[in-house]
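The lines below spell out each chain.
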Amino acid sequence: MNFKSTLSILAVAISLQANAQSWVADSVEMGANYKDDIFYDLSNGNDYSATADNWDIAFQMTVFGDPMFNATVRANHIKRDVQVYSLHKQASTSFGTLTASDTVVTQSNQLVNIDTSWGTGAFTNNRGSNPFDYGWGAYNSTTHFLDGDSLYLVKANGVFYQLWLKQYVSFGSPGSVGYKFRVALWDGTGDRSDSVMRVSPYDDRLFAYYDLATGTIIDREPARKNWHLLFKQYQKNGQPGGQNPNKLQAYTGVLVNDHVKVAKITGVSPNNINSGNYTSSLSALSVETNTIGDDWKTFNGGTFMYELDTNTSFIIAPDTAGGKQTYYHLRFTRFDGGFAPNTGKVIFETRVLGMISVGVNDVTGVSKAQYSIYPNPSATEVNIVVDAKEAVANTMMVVTDITGKVMQQSRVNITKGLNAYKLDVAAYPAGTYIVTVANSNWSVSDKVSVQH
């Protein structure tokens with residue numbers, strides 16, 4: 001017998017749900033004038049509606065080490081017409097001394113959110129080339145906090161505020177991690193110091209939201225693990241335009257959660273993407289928040305209706321959960337728009353292209369098992385012998401064809417030493433198949449040819 005060693009299992013995976021499921025239709029409604037943001041969970045179709053116009057600025061709640069974390073603060077440009085301007089003044093000496101002349105600002109100079117990443121909000125968008133510059137503040141190498149001394153003018157709902165983001169406390173006792181800031185009206189009245197800390201439930205949110213007028217902290221997101229897509233209006237290029245030239249252009253589309261990757265597939269009918277060929281598109285997976293975005297639709301000025309690109313679809317890979325990586329497929333089938341009598345309804349279809357079980361890796365490269373498959377080729381039956389270095393319960397044995405279709409699967413208990421199994425392949429069509437034996441510690445697999 002020809003034994004083969006599994007010397008490294010750094011990215012072992014087997015497809016336990018290889019066939020693409022049927023399309024499942026669903027819809028969300030953002031309401032008239034797109035009044036709501038809709039958070040959507042691909043795994044179960046649950047959606048969560050949040051009023052879009054009840055906050056002015058949002059504080060990032062993820063932590064240092066997260067790829068998109070910049071201790072950023074975002075502005076609600078679209079639904080509250082929040083405008084952010086750096087006054088290029090030291091807040092420690094100038095806060096509370098602004099005059100009416102300081103409110104004379106040029107709209108083209110405003111700082112805006114970037115839609116490609118949750119980590120680049122308006123207040124982070126003026127950072128310099130210094131990696132320790134976070135726009136509103138700088139890294140303090142002694143305390144390891146971020147200290148800010150920039151004075152901002154913030155216009156929200158037509159009201160001018162002065163804002164000083166004083167500090168981000170990056171570590172400490174429970175309840176001490178978060179942002180400290182000072183806010184007042186432009187004439188100095190209503191001066192107050194406040195904070196937004198990374199405490200429950202905000203430690204499980206992307207952002208904590210804040211109303212400048214009332215000083216209210218608002219929890220308006222579901223838990224991070226409970227949503228993948230966000231249907232909303234947002235700003236994406238920082239330029240005035242649209243129906244009101246004095247405001248930023250609003251775009252209606254879909255953003256994705258942190259740790260969700262998306263591949264945009266264009267020029268191909270979604271029905272031609274399946275479990276056997278979708279992996280060829282995975283190299284296009286992007287971490288950019290706006291990969292789905294808004295351009296899957298166009299407005300027809302003649303019919304006053306939206307037209308959809310039927311040859312555009314999206315492969316979506318959320319962060320792994322429960323040891324599994326699921327690849328979802330999304331296509332849009334209708335968009336109604338949000339102006340009367342329409343209610344911001346989006347109709348779409350989703351399906352699962354594949355679910356991959358990711359094994360625990362043998363990072364040392366030490367052989368965990370040896371195996372043999374014989375006879376190969378075979379006409380009726382195949383013998384599998386596994387020589388395991390240790391006992392492992394709940395091992396999965398899976399046979400798939402070359403398209404990923406599962407021919408059979410079963411659970412076996414691996415004992416230390418030799419383990420022998422017999423597979424009946426007499427009813428299989430002639431062709432090549434993949435036999436995989438995998439558990440949380442190791443995986444072995446090989447091709448077997450069935451010839452009749």
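Note that this is a predicted model, so its numbers are computed, not measured.

The rules behind each value
Residues numbered from 1 in each chain as written. Predicted model: local features only at pLDDT ≥ 70, side-chain atom pairs only at ≥ 80, totals over all residues. Heavy atoms only, no water. Buried < 20%, exposed > 50% of the residue type's maximum accessible area, 1.4 Å probe, protein only. Helix = DSSP H or I, 4+ residues; strand = E, 2+ residues; numbered from the N terminus. Pairing = 2+ DSSP bridges. pLDDT = per-residue confidence, 0-100. Contact = heavy atoms within 4.5 Å. Salt bridge = Lys/Arg side-chain N within 4 Å of Asp/Glu carboxyl O.

The buried fraction of strand β20 (residues 251-256) is high, at six of six residues. Residues of β20 alternate between two faces, with Tyr251, Gly253 and Leu255 on one and Thr252, Val254 and Val256 on the opposite face, all of them buried. Both strand β17 (residues 229-234) and β20 contribute to a ladder of six bridges, which runs antiparallel. Paired with Tyr234 across the two strands is Tyr251, which belongs to β20.

The next point concerns the confidence of the model for the protein chain. For the protein chain, per-residue confidence averages 86 on the pLDDT scale, and 89% of positions sit at 70 or higher. Low pLDDT, under 50, characterises residues 1-19; the predicted model gives this stretch 75 contacts beyond four residues in sequence or across chains. Segment residues 358-366 is flagged for pLDDT under 50; beyond a separation of four residues in sequence, or across chains, it makes 22 contacts in the model.

On to the pattern of salt bridges, then. Pairs may arise between side chains of opposite charge once their charged atoms sit close together. Taken as a whole and assessed by the stated rule, the structure comprises 13 salt bridges. Among the ionic pairs, Asp219 bridges to Arg205, the shortest N-O distance being 2.8 Å. On the criterion of sequence distance, the pair formed by Asp219 in the loop between β16 (216-218) and β17 and Arg205 in the loop between β14 (192-197) and β15 (207-211) is long-range, its members being 14 residues apart. Owing to a relative accessible area of 32%, Asp219 belongs among the partly exposed residues under this scheme. Via salt bridges that share partners, Asp37, Arg220 and Lys232 belong to a single interconnected network.

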